[in-house]
Amino acid sequence: IKIGVLISGGGTNLQCLIDGIKSGYINGEIKLVMSNKKDAYGLKRAEKEGIEALYIDRKSFGSEEEYNRKVIETFKNREIDLVVLAGYLRVLSKEFVREYSGRIINIHPSLIPSFCGKGYYGEKVHKEVLRYGVKVTGATVHFVDEGTDTGPIILQRTVEVKEQDTVETLKDRVLEVEHEILVEAVKLFCDRKIKLEDRKVTILR
Ligand code: GRF
């Protein structure tokens, strides 16, 4: 399975995929890492592994659609089978989602459908979790559909919210779980153990 990864930041989720492939746990190959942020450290992580790392500047395209068409074309040229959004902070165009329907996986740092949707990314998620006072949060891996954080759920794992938690401590604890379930979901996909039917996911163990 040829994997294309889209990132916007530090790329710790990407790093876990790289490590999971190197250890033989994930039966796939990351052909390309692309970012909409020139200084995304994840691009350096890819370069260090000899993986093609591309920065595509959104501003050099007239519209979101044209930018997405460039991304799609870049993935198609490398025969990408699976697109992973690992800390990618742009919304994909409808055309992109249609092109790769059922083959785009996203990791979100909460238990969807809580604390997700427009504007809920990164630390904002954990700030709202603490503000609301929920006792349990977590992470979700899901297929991407035309909405934001609304696609069929693949895996979720809970994280306890502790009394003294700050955004920082909570973010770090959730990130650990993100790493675990993203690696697991990509492994299952590469092992063809994820069945998607009428928006419902079944894991074949
Ligand atoms: C984190 O906030 C994570 O919750 C979300 O993307 C952000 C960066 O992750 N998935 P990464 O370290 O760039 O993988």
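Above this text sits the structure in question.
Structural notes, computed from the coordinates. Please read these numbers as outputs of a predicted model, since none were measured by experiment. (Residues numbered from 1 in each chain as written. Predicted model: local features only at pLDDT ≥ 70, side-chain atom pairs only at ≥ 80, totals over all residues. Heavy atoms only, no water.)

## Observations concerning the packing of aromatic side chains
A ring pair, where both rings are aromatic, is described by two values, the distance of the centres and the angle of the planes. For clarity, the threshold we go by: Here a Phe, Tyr or Trp ring, Trp counted by its six-membered ring, pairs with any other such ring whose centre lies within 6.5 Å, and the pair is stacked when the planes are under 30 degrees apart, edge-to-face when over 60, and tilted otherwise. Going along the chain from the N terminus, every DSSP run of H or I of four or more residues is numbered as a helix, and every run of E of two or more is numbered as a strand. To sort residues, take the accessible area from a 1.4 Å probe on protein chains only and compare it with the maximum for the residue type: under 20% means buried, over 50% means exposed, and anything in between is partly exposed. Counting as a charge over the ring demands two things of the Lys NZ or Arg CZ atom: a distance within 6 Å of the ring centre and an angle within 35 degrees of the ring normal.
A full pass over the atoms with the stated rule returns six aromatic pairs. Summarising the aromatic geometry, the rings of Phe96 and Tyr100 are spaced 5.6 Å apart at their centres and angled 40° between planes, so their arrangement reads as tilted. Residues Phe143 and Phe189 carry aromatic rings whose centres are separated by 6.5 Å and whose planes lie at 65° to one another, so their mutual orientation is edge-to-face. Here Phe143, found in strand E6 (residues 136–143), pairs with Phe189, found in helix H6 (residues 167–190); they are 46 residues apart in sequence, far enough to count as distant. An identical accessibility class is assigned to Phe143 and Phe189; each is buried. Connected via pairs of aromatic rings, a cluster forms that spans Phe75, Phe96 and Tyr100. Just above the ring of Tyr120 sits the side chain of Lys124; from NZ or CZ to the centre is 5.2 Å.

## Examining helix H3 (residues 64–77)
The test is simple: The length a helix should cover is 1.5 Å for every residue beyond the first.
When the terminal C-alpha atoms of H3 are compared, their 20 Å separation across 14 residues agrees well with the 20 Å that a helix rising 1.5 Å per residue should span. Note on H3: the residue one or two positions beyond its end, Glu79, has a positive phi of about 50°.

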